[in-house]
Structures are given as C-alpha cells and as structure tokens.
Amino acid sequence: MSKYLVDDTRKVTTLRLKELKKQGKKIAMLTSYDFTLAKLVDEAGIDVILVGDSASNVIAGNSTTLPITVDQMIYHAKAVVRATSRALVVCDMPFGSYQVNPTEGAMNAIRIMKETGCDCLKLEGGAEIIDTVKKILDVGIPIMGHLGLRPQSINKYGTFAVRAQDEEEARKLISDAHLLEEAGCCAIVIEKVPAKLATQVASELSIPVIGIGAGHGVDGQVLVLQDMLGMDRGFSPKFLRRYADLSRIITDAVGQYIIDVKNVAFPNDQEEY
Ligand code: KIV
C-alpha cells in the first residue's frame, strides 16, 4: 500500500468503481484539464480524473460552464488521457451537446470517446435526459450521472445555493438517482445538497455516489483541483477544503523571479552556456 492509501495499481475501470463501493472503500476523484497536472494527480494515485466542463471557469475564465464546446472538451480530455495510466478518466459532455435529442447526444458521445480515448462520460440531469442516457449506454459508452446542483442549468436556478432543500426537489433527486441506476449508469455525482439526503441516496443505490458539497456519507468525493490546491483566493464555498496555498507559493516564486531578473541575479554563471 502506498503512502496515499492506494492498494491496487491496476487501471481503474467502471467495474472497479462498483467493487470499491461493495467493499466499503471510498473513491477519490479530482478534476484535471491539462497534461502536467493530470500526470501528478494520476501518479499520486487518484481513482478518477474528471475532465470537467469547469474548465470553462478555471481555464478560460468564464463565469459559467455554458460556453465550453465539444471541441474544447476534446482538447482538454486528450491531454489528460495522454498523462494518465491508472485513473479512470471521465469527460463531461458540455452544455448543448446532449440535451436536444438522443441521436445528437449519442453522436457527440461517440465523437468524444473516439477522439479522446477517455473511459467514461458525465451528463447532468435525470428524467429529462433519460432517453439520451439510455441511447449512449446502448452504444456501449459508460455514463456517470450528475444530480443536485447542475452548473449547466445555473441560469434556470439563478443561484449557486444548496439544492434539494425542499421535499419536492429532494423527492425528484431520489427518483432521478434510481432512474440513472436502472438505466445502467456506473456512478452518480451529487453536488451541493444536504448531507442527509446524499447519504440516503448513497445507501439506496448499489452504484457509487460521489459527492461535492454533499457530506461524508456518500461513496467518494470530488473537488476541482485548482480549488483544493488553493489557486483561487476568491472562491471559498463552505464545502471546499484547501490542501495547499499554491496562490501564495506561485505569487512568491514569480515575485522572486522578477526581483532576480531586475537585479541581474538570474541567470548566474552556472546557468549560462
Ligand atoms: O465540471 C466539474 O468540475 C464538475 C464537478 C464540480 C463535479 O462537474
């Protein structure tokens, strides 16, 4: 067993995710969008790397995930797949690529799988997209669902507040989770809902429920890599734990470089040809 509690060096598959749940072992998942960071994340032993459409916010600086395109998701996912040998790589289907009809959804899903070599796709929604989910699964592509706060629907909600706090939305979430499991999804991400509700869903399903802002009673956790590394000082939701202060480390390093260049302290004699 490695110092990071990784006890199995084999490539993680969707089947393995279900085994982990059966064995009561938690699943660790993080986002990555590029080769350099994905390689470090994979080498540390993460179980799942999500090429999230949060790349729209984190990499491109957009205020929502809506603008990112299929082409851009393919670009990010290809870089991550190249960097990864152990983790299961899941790629988000971006807004607009699967909501219109099952055929278009399946065609985009096939294209993303073919061009990226990723292992699985993630789609946001329950009953509204179940025919598309079934069509993509029928083609042979594994799907991770995404319920609770669904960032692609942020304009409908009008708020990033905790979802499913009332009984009607909580009931729909439970029903959607069962629908996705029955359709054949390999796991479900549940974002920003009361911990009690997420725990209930995880206990009712046999597929893993991976939470973000959903408490510890679920089968695994996912965070946005740059957030947990402390690269964005301005983003501090309650659920976020920062495992590093990279914004300070990077600013200090860049500042020291500026000082050295201005003082002609870099490069020195050993650093020239
Ligand atoms: O795109 C993303 O980063 C996500 C996570 C928040 C789960 O979907």
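See above for the structure.
What counts and how
- Residues numbered from 1 in each chain as written.
- Predicted model: local features only at pLDDT ≥ 70, side-chain atom pairs only at ≥ 80, totals over all residues.
- Heavy atoms only, no water.
- Axes fitted to C-alpha atoms, helices over the stretch in contact; angles between N-to-C directions.
- Helix = DSSP H or I, 4+ residues; strand = E, 2+ residues; numbered from the N terminus.
- Left-handed = near helix turned anticlockwise from the far one by under 90°.
- Contact = heavy atoms within 4.5 Å.
- Nonpolar A, V, L, I, M, F, W, Y, C, P; charged D, E, K, R; others polar.
- Pairing = 2+ DSSP bridges.
- Patch = residues over 30% accessible without salt bridge, like charges linked within 9 Å, V, L, I, M, F, W, Y side chains within 5 Å.
- Areas by Shrake-Rupley, 256 points an atom, 1.4 Å probe, with all protein chains shown as cover.
- Salt bridge = Lys/Arg side-chain N within 4 Å of Asp/Glu carboxyl O.
- Buried < 20%, exposed > 50% of the residue type's maximum accessible area, 1.4 Å probe, protein only.
- Expected span 1.5 Å × (residues − 1).
- Arc of directions from axis to C-beta.
- Polar contact = N/O pair within 3.5 Å; in protein donor to acceptor, adjacent residues only side chain to side chain.

With respect to the packing of helix α4 (residues 70-83) against helix α5 (residues 102-116)
Right, so step 1: The contact between α4 and α5 brings their axes to 9 Å, and the two run at 35°. For α4 against α5, the interelement crossing comes out right-handed. Of the residues in α5, those touching α4 at V70, D71, I74, A77, K78 and V81 are N108, R111, I112, E115 and T116.
Right, so step 2: Here the residues of the contact of α4 with α5 are counted per class, giving five nonpolar, two polar and four charged.

Regarding the sheet that holds strand β7 (residues 209-212)
Right, so step 1: Pairing is parallel around the closed barrel formed by eight strands, whose spatial order is β1-β2-β3-β4-β5-β6-β7-β8. Ignoring strand direction, the axes of neighbouring strands in this sheet form an average angle of 25°.

As for a nonpolar patch on the surface
Right, so step 1: On the surface, a cluster of nonpolar side chains totalling about 590 Å² of accessible area is made up of M231, I250, V254, Y257, I258, V261 and F266.
Right, so step 2: Position of I258 among the secondary structure elements: in helix α11 (residues 246-262).
Right, so step 3: When its relative accessible area of 41% is taken as the criterion, I258 is described as partly exposed.

Quick word on α4
Right, so step 1: The first and last C-alpha atoms of α4 sit 20 Å apart over 14 residues, in line with the 20 Å expected at 1.5 Å per residue.
Right, so step 2: Lining the buried residues of α4 we find α2 (35-44), β2 (48-51), α3 (55-58), β3 (88-92) and α5.

Things to note about α5
Residues spaced three or four apart along an α-helix face the same direction, because each turn holds 3.6 residues.
Right, so step 1: Between its terminal C-alpha atoms α5 stretches 21 Å, which fits the 21 Å expected from 15 residues at 1.5 Å a residue.
Right, so step 2: Among all positions in α5, only G105, A106, N108, A109, I112, M113 and T116 are buried. All buried residues of α5 project into a common sector of 165° when viewed along the axis, lining one side. The exposed set on the far side of α5, more than 90 degrees from its buried face, consists of M107 and K114.
Right, so step 3: Residues of α5 that are buried sit in contact with α4, β3, β4 (120-124) and α6 (130-139).
Right, so step 4: Measuring from the backbone nitrogen of T103 back to the side-chain oxygen at the start of α5 gives 3.1 Å, which picks out N101 as the cap.

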